[in-house]
Amino acid sequence: RVEDLLSRLTLEEKVSLVHANAHFSTAGVPRLGIPDLKMDDGPLGVREEVGEHGVILNHKDDFATAMPGTLGLAATWDVDLAKAYGTVIGQEAKQRGKDIMLGPAVNIQRTPLCGRNFEYMGEDPFLTSRMTVNYIEGEQAQGVSSCVKHFAANSQEYQRGSINEIIDERALREIYLPAFRAAVQEAEVMTVMGAYNQINGQHCCENERLLNEILKNEWGFKGAVISDWGGVHHTDLAALNGMDIEMGTRGAYAGNYLANPFLEGLKSGKFPVSVLDDKVRRHFHVMFKLNLIHDPSAPPATNAAPPTLLSTRAHQEIALKIAEESLVLLKNQNLLPLDPAQTKSIAIIGANATAKFAHGGGSAMIKPPYEITALEGISNRLGGNMKLIYAQGYNPPVGSGRVDFRPEPEETPAPLNPSNLMAEAVAAAKSADVVIYVGGLNHKGGYDTEGADRKDIKLPGGQDELIQKIVQANPRTVVVLMGGGAVEMDAWLARVPAVLYTWYPGLEGGNALAHVLFGDVNPSGKLPCTFPKRLADSPAHALHTYPGTNGTVVYKEGLLVGYRWFDTKKIKPLFPFGYGLSYTTFKYSNLNLVPGPEALGAPVTVEFELAN
Ligand code: BGC
């Protein structure tokens, strides 16, 4: 059918299939029953409808379940939850008539500073691969294509459009590529998105080695490579080096590198038509797999399922379950879980207690039908039977990241007087039986936002000092941190009895937090990334190879990314990869390694006794 359809297209029609004709689609060929190919972000849920240049259209029927950030999903270490996660997004995408969902985002966390770590899956290629495969299987089973991104090594946002990453072959193969390979070879992902950055001197969207040699020839990828938005820079390279669909615009879509300039090159004989045919075959491969091509005399094809509720209660419950399983208990000296029967009043302090996060962070933003804040979740759980005192404590940080591009305008509330905020917080802490401090990062001002990296891993907004004052006023203080990864805790960790890390927990986040704080759910998340004591301990920073010089960053640490570095160099992190406590204790004993049946290369079985 692919060959038949291909033979019926004019040259112009073929070219129209290999570049965008709108922000999130390519044009169809109605006379042959070929519909527009419709895409949408992204990795954490189905993004609301946007127009040209990503301008929000304010529709009333485009709400979606805001799933917890995928870094939190990785903290569950639970492949069934990854599958459920992809299933939810796939079902909602289908409802919204999307053919391709731009996710999951599976770049490896090379530095804790990367602004997109919250939508990636941590520092380990194996964990990331397992989550990726299950996410994609869940999503594609719903009849939509996943678009695994950003191929490859989009591990910093600063200068992402131009940075040239020098990565040795082994690090590329063992650290940065495995999740993509698993997506292609195990999950049979239908589309792959090329990254903005360069690898070894060539932009990823026109990179011969990555696209033609590795992805297509070596891994046997049959689907289409889609560029990141504006990630193509040359007609020749994109045409010849394996880019199949150029997205984004340079003013008018006809001016895209793979639009008129490509057509002219084909007409003049500069490019063989076989190069174009290969791209169109891949486009059709995706379309036939999605069952999008129909008899042109029938009503126009659409990928939409019959309309029902977009974000169903069942989907929200999956988001809740994943959030509950993702919370990482970092410290607990006999304070958690809190017992409401023994508590008369709780001070809830911190700007993140009332903050909503789903509609932020760049292209991963979601418009959920509601979002339960920490304060609401705690108050829901206690059902009005407790005195709750709220104090903001600090001004939420704005505008301090290492930014070179900002995708969305930011509203900046007028800052309040910091010493008044602190005095109010201390008074609240003193007056209550227990303090639940809710702080950390947010999606504003260069923290956990596409297009920007953090400048350091210090808690912003004077929170270090604030937490010290609060715990002085009331030693029964739980510190809850939200964000996309490591922050320094030196200033207060020794004095605070309990610390819980929540990532960005999605639309049910506040309820999930309350369920863990009050012991309805046992915290069992484990860190998917190392939390260093200080930034200078992590590999890219110890070796001064971030953010690069003169537009080039050399991945000098090679394989020693994340825990591989800390283990090899014997550097004690604040909390290691895989760390996370629970409300019970475990003891392992009688460890025994049983070799497999064959002498060499056979799997080893690890046995031990577990007491809980
Ligand atoms: C991001 C992609 C996203 C695309 C479309 C780009 O800026 O890097 O992850 O899918 O925009 O919104």
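Preceding block: the structure.
Keep in mind the model is a prediction, meaning the values are calculated, not measured. (Residues numbered from 1 in each chain as written. Predicted model: local features only at pLDDT ≥ 70, side-chain atom pairs only at ≥ 80, totals over all residues. Heavy atoms only, no water.)

Draft legend 1. Molecular detail of the overall build of the protein chain. On a plain count of helices and strands, the protein chain comes out with 18 helices and 21 strands. For the protein chain, the C-alpha radius of gyration of 25 Å lies close to 25 Å, the compact-globule estimate for 612 residues. Along the first, second and third principal axes, the C-alpha atoms of the protein chain reach 80 × 60 × 50 Å. Counting across all 612 residues of the protein chain, residues that qualify as buried make up 60%. Within the protein chain, counting contacts between residues at least 6 apart in sequence, those at least 24 apart form 77% of the total. By element, 53% of the accessible surface of the protein chain is carried by carbon and sulfur atoms, the whole surface being about 23,100 Å². Treating the 56 positive side-chain charges of the protein chain as one cloud and the 68 negative ones as another, the clouds have centres 3 Å apart. (Helix = DSSP H or I, 4+ residues; strand = E, 2+ residues; numbered from the N terminus. Rg over C-alpha atoms; globule rule 2.2 N^0.38 Å. Buried < 20%, exposed > 50% of the residue type's maximum accessible area, 1.4 Å probe, protein only. Contact = heavy atoms within 4.5 Å. Areas by Shrake-Rupley, 256 points an atom, 1.4 Å probe, with all protein chains shown as cover. Lys, Arg positive; Asp, Glu negative; His and termini not counted. Charge placed at Lys NZ, Arg CZ, Asp CG, Glu CD.)

Draft legend 2. Quick look at the packing of helix H14 (residues 418-431) against helix H15 (residues 463-473). Look at H14 against H15: their axes get within 8 Å of each other, and the N-to-C directions meet at 30 degrees. By the angle between their directions, the pair H14 and H15 is classed as roughly parallel. For the crossing formed where H14 meets H15, the hand is right-handed. Contact residues: H14 offers Met 422, Ala 425, Val 426, Ala 429 and Lys 430, while H15 offers Glu 465, Leu 466, Lys 469, Ile 470 and Ala 473. (Axes fitted to C-alpha atoms, helices over the stretch in contact; angles between N-to-C directions. Parallel < 35°, antiparallel > 145°, perpendicular 65-115°, else oblique. Left-handed = near helix turned anticlockwise from the far one by under 90°.)

Draft legend 3. Looking closely at the site of the ligand. Neighbouring the ligand are 14 residues, the closest being Asp 41, Arg 116, His 150, Asp 228 and Glu 450. One of the side-chain N or O atoms of His 150 is found 2.7 Å from an oxygen atom in the ligand. With respect to the ligand, the side chain of Tyr 196 contributes an N or O atom lying 3.1 Å from an oxygen atom. Summarising the interface, the protein chains cover 94% of the accessible area of the ligand, which totals 310 Å² for the free molecule. (Near = heavy atom within 4 Å. Polar contact = N/O pair within 3.5 Å; in protein donor to acceptor, adjacent residues only side chain to side chain.)

Draft legend 4. Looking closely at the pattern of salt bridges. Under the counting rule described, the total for this entry stands at 37 salt bridges. The shortest N-O distance in the salt bridge between Asp 41 and Arg 47 comes to 2.7 Å. Residue classification places Asp 41 among the buried positions, given a relative accessible area of 5%. By relative accessible area, which is 8% here, Arg 47 ends up buried. The partner of Arg 313 in a salt bridge is Glu 508, and the shortest N-O contact between them spans 3.1 Å. Placement of Arg 313 in helix H12 (residues 313-326) and of Glu 508 in the loop between strand E18 (498-501) and helix H16 (509-517) is noted, with a sequence separation of 195 residues between them. For Arg 313, a relative accessible area of 41% puts it in the partly exposed group. Three or more residues joined by partner-sharing salt bridges are found here, namely Arg 116, Glu 119, Glu 157, Arg 160 and Glu 450. (Salt bridge = Lys/Arg side-chain N within 4 Å of Asp/Glu carboxyl O.)

Draft legend 5. Expanded view of the nonpolar core. With 178 residues, the main nonpolar core has Met 489 and Phe 531 as its most contacted residues. For Met 489, the residues in contact, after removing those within four places along its chain, are Leu 330, Leu 481, Val 499, Phe 531, Leu 574 and Phe 575. Core analysis: the second largest hydrophobic core is formed by five residues, Leu 113, Ile 457, Ala 540 and Tyr 546 among them. (Core = buried A, V, L, I, M, F, W, Y, C linked by side-chain atoms within 4.5 Å.)

Draft legend 6. Structural view of the sheet that holds strand E8 (residues 198-199). If you walk across this open sheet you meet the four strands as E9-E8-E6-E19, and the pairing is mixed. Taken across any chain shown, the strands that pair with only one partner, and hence form the sheet edges, are strand E9 (202-203) and strand E19 (552-554). As paired strands, strand E6 (residues 164-166) and E8 are joined by two bridges and run parallel to one another. Following the sheet pairing, Asn 164 is matched in E8 by Gln 198. (Pairing = 2+ DSSP bridges.)

Draft legend 7. Structural detail: the sheet that holds strand E1 (residues 20-22). Within the open sheet, the seven strands sit side by side as E1-E2-E3-E4-E5-E7-E10. Their pairing is mixed. Each having just a single partner strand, E1 and strand E10 (224-227) make up the two edges of the open sheet. Sheet analysis places E1 next to strand E2 (residues 25-26), joined by two bridges and oriented antiparallel. Residue pairing for E2: Ala 22 is matched across the bridge by Ser 25. Each of strand E5 (145-151) and strand E7 (191-194) is contacted by helix H7 (residues 178-185), which is oriented at about 155 degrees to E5, the strand it contacts most.

Draft legend 8. Structural detail: the environment of Ala 473. Position of Ala 473 relative to the elements: it lies in helix H15. Separated by 42 residues in the primary sequence, Ala 473 and Ser 431 have C-alpha atoms spaced 9.0 Å apart. With near-sequence residues (within four places) excluded, Ala 473 lies in contact with Val 426, Ala 429 and Lys 430.

All quantities given are derived from atomic positions and should not be read as evidence of function.
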